[in-house]
Amino acid sequence: MMRSSLAQRPGSGGAVPVCAGALDAAARNCTRDAEGRYRIVYHKLPRTADGQRQQLVRRLAAEDTAIDVMGLDVTWAPEFAEAGWILPWTGELRRRAEEGTLEVPLRTGTWKNRLYAVPYNTNTQLLWYRADLVDEPPRTWAEMLTAARRLAAEGKPHYVEVQGAQYEGLTVWFNTLVASAGGSILNAAATAPALGPPAVRAAGIMRDLATSPAADPSLPNQMEDQNRLAMESGTAAFQLNYPFVHPSMKANNPELFRHLRWAPYPRVDASRPARPTIGGIDLAVGAYSRHPGLAFEAALCLRNRENQIAAAVDGGLPPTLRELYSDPEFVRDYPFADAIYQALENASVRPQTPAYQNVSIVIAHTLSPPAAIDPRRSVETIAGQIEDALQSKGLIP
């Protein structure tokens, strides 16, 4: 009997609503198709990312044989692989997992050139804006702040909703801006911080927004869902958020929904595409499973074409199979498919390191609240504390 522990959080690092029914249905579909060879029992993990990770870490550290397939946050594969808690995908299994899968989501499950987890779904932010307030969406952060100032001067809704609370979403915002400016948080070998001028630019953009009329007064406490609610209430002109906001506004404010549009994530430089940070769930096979062969088979089934379509249409979670983004029937039911696809082609991943939890905490702590950021000094602080975190030195704030 297969036991599949699947995390429910689809996004970058916040409490983003997701349709758990899609995962439950996938488990039932695969059990049916297995024709008695295995049965998937779907166990929900705690709602928060920290709670999910803690439960899995405790059970895997105890060599729990009841975990066959698990859903991992896209930042966990290096840590779990280094600890020996998950099995690598090799040979024909790896070929089947990689075939037709988007490249950037695959990177989230890869560590030291070995594939340890395969994408069940992915997620990326778009720019959502009100067409009754702006004729054309801004292409850059500078254009967006200019538009927000103009709307504020005219007495119109003008806030730019973005994740500014001290949590994973703030790290994601920073990572996206650093990557969009041509940089990275860690070096290619993940042995030291990279940062540099791109990180200073990123921190400067965050500070500029937080100290401008574009900033929602609640920015230092806002996560994805607060951004959604602010947009639905009519106080914002723009928001950087995940696709779940589209069906939400359609249900909660149909009148305002008529004006809701989407566009690519704003660029740092007009000549360089933005590189939004992806989220999602990756599927991994537990190292202590009594049935690893069947577990790999079940994982492949859970993320097959049928189940990825259901997760996208019912739960709003972007698929990781390239072919779906050119499928007319799927695109009809997922109207922003092309924008999501383009974002995923240019996307970035968060720093890949077994010490990711510590790296993320350092970044979110240093950059909170955004209005207090001193770009150069804040980046120097982040660099020093990341250096300590990677060497298991110092205290994590």
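Chains are numbered independently. Their residues run from 1 in the order of the written sequence. Since the coordinates come from a predicted model, pLDDT governs what is reported: local features require at least 70, and pairs of side-chain atoms require 80 or more to be given and counted, while whole-chain, interface and lining totals use all residues. Calculated side-chain values reflect all of the structure's heavy atoms, with hydrogen atoms and water omitted.

Attention now moves to the pattern of salt bridges. A side-chain nitrogen of Lys or Arg and a carboxyl oxygen of Asp or Glu constitute a salt bridge if their distance falls within 4 Å. As enumerated under the stated definition, the model contains 23 salt bridges in all. In this structure, Arg350 engages Glu168 in a salt bridge whose closest nitrogen and oxygen atoms are separated by 2.6 Å. Residue Arg350 is found in the loop between helix 15 (337-345) and helix 16 (356-366), and its partner Glu168 is found in helix 7 (residues 168-180); the two are separated by 182 residues along the sequence. Comparing Arg350 with Glu168 shows no difference in burial state: the two are buried. Numbering goes from the N terminus for both helices and strands, where a helix is a DSSP run of H or I of at least four residues and a strand is a run of E of at least two. The buried label goes to any residue with under 20% of its type's maximum accessible area, the exposed label to any with over 50%, and the partly exposed label to all in between, with areas taken from a 1.4 Å probe on protein chains only.

Assessed through its relative accessible area of 16%, Glu168 is described here as buried. A polar contact is formed between the side chain of Glu168 and the side chain of Arg350, at a distance of 2.6 Å. Pairs of N or O atoms within 3.5 Å make up the polar contacts considered here, provided that, within protein, one atom can donate a hydrogen while the other can accept it, and that residues adjacent in sequence are counted only when both atoms are side-chain atoms.

Another aspect to go through is unusual backbone geometry. Following Ser368, the chain continues into Pro369 via a peptide bond in cis, with omega recorded as -5 degrees. Within the element layout of this structure, Pro369 appears in the loop between helix 16 and helix 17 (375-390). Positive phi is not limited to glycine here, since Glu35 has a value of about 50 degrees. For Glu35, the position within the fold is in the loop between helix 1 (20-34) and strand 2 (40-44). The phi torsion at Ala190 lies on the positive side, around 60 degrees, for a residue other than glycine. Along the chain, Ala190 turns up in the loop between helix 7 and helix 8 (197-210).

In this text, buried Ala, Val, Leu, Ile, Met, Phe, Trp, Tyr and Cys residues form a nonpolar core when linked through side-chain atoms within 4.5 Å. Within the largest apolar cluster, 48 residues are counted, with the highest numbers of intra-cluster contacts made by Trp141, Trp173, Phe174, Leu209 and Phe238. Of all the elements in the fold, those that place two or more residues in this core are strand 7 (126-130), helix 6 (141-153), helix 7, helix 8, strand 9 (236-241), helix 16 and helix 17. Considering every element that reaches this core, the biggest residue donor is helix 8, with 8 residues. Residues Val245, Met249, Phe330 and Leu344 belong to the second largest nonpolar core, which totals 31 residues.

Let us look at the pairing of strand 7. With 5 of 5 residues buried, strand 7 lies mostly within the body of the structure. Burial along strand 7 is two-sided: Leu126, Trp128 and Arg130 facing one way and Leu127 and Tyr129 facing the other are all buried. The criterion for strand pairing is that DSSP finds at least two bridges linking the strands in question. Pairing geometry for strand 7 and strand 9, over 4 bridges, is antiparallel. By the bridge assignment for strand 9, Tyr129 is matched with Phe238. Where strand 7 lies against strand 10 (residues 260-263), 4 bridges are found, and the strand directions are antiparallel. Note that in strand 10 the partner of Trp128 across the bridge is Trp262.

On to the sheet that holds strand 7, then. Across the sheet, 4 strands lie side by side as 8-9-7-10; this open sheet has mixed pairing. Lying at the two open borders of the sheet, with one neighbouring strand each, are strand 8 (159-161) and strand 10. Between one strand axis and the next, the sheet turns through 20 degrees on average, direction left out of account. Here strand 8 pairs with strand 9 via 3 bridges, running parallel. Its bridge partner being in strand 9, Tyr159 is matched across the sheet by Ala236. Here, residues are in contact when the closest pair of their heavy atoms is within 4.5 Å. All axes are obtained by fitting lines to C-alpha atoms, using only the stretch in contact for helices, and the reported angles, taken between N-to-C directions, cover 0 to 180 degrees. The strands touched by helix 10 (residues 245-252) within the sheet are strand 7, strand 9 and strand 10, with strand 10 carrying the most contacts at an inclination of about 175 degrees.

Bringing the packing of aromatic side chains into the picture now. Only Phe, Tyr and Trp rings take part, Trp by its six-membered ring, and two of them pair if their centres are within 6.5 Å. Stacked means planes under 30 degrees apart, edge-to-face means over 60, and tilted covers everything else. If you walk through the whole model with that rule in mind, you get 12 aromatic pairs. Ring geometry for Trp76 against Phe80: centres 5.9 Å apart, planes inclined by 5 degrees, an arrangement best described as stacked. A single burial state applies to Trp76 and to Phe80, both of which are buried. Considering the side-chain rings of Trp262 and Phe336, the 5.5 Å spacing of their centres and the 80 degrees angle between planes classify their relative orientation as edge-to-face. One end of the pair, Trp262, is in strand 10; the other, Phe336, is in the loop between helix 14 (328-333) and helix 15, and 74 residues separate them in sequence. Given a relative accessible area of 3%, Phe336 falls into the buried group. Aromatic rings pair up to connect Trp128, Trp262, Tyr325, Phe330, Tyr334, Phe336 and Tyr341 into one cluster.

This paragraph deals with helix 7. Expected helix span is computed as 1.5 Å times (number of residues minus one). In a regular helix each residue adds 1.5 Å, so 13 residues correspond to 18 Å; helix 7 covers 18 Å between its end C-alpha atoms and thus fits that length. Burial runs high along helix 7: 13 of the 13 residues are buried. Just beyond helix 7, the residue with positive phi is Gly182, at close to 95 degrees.

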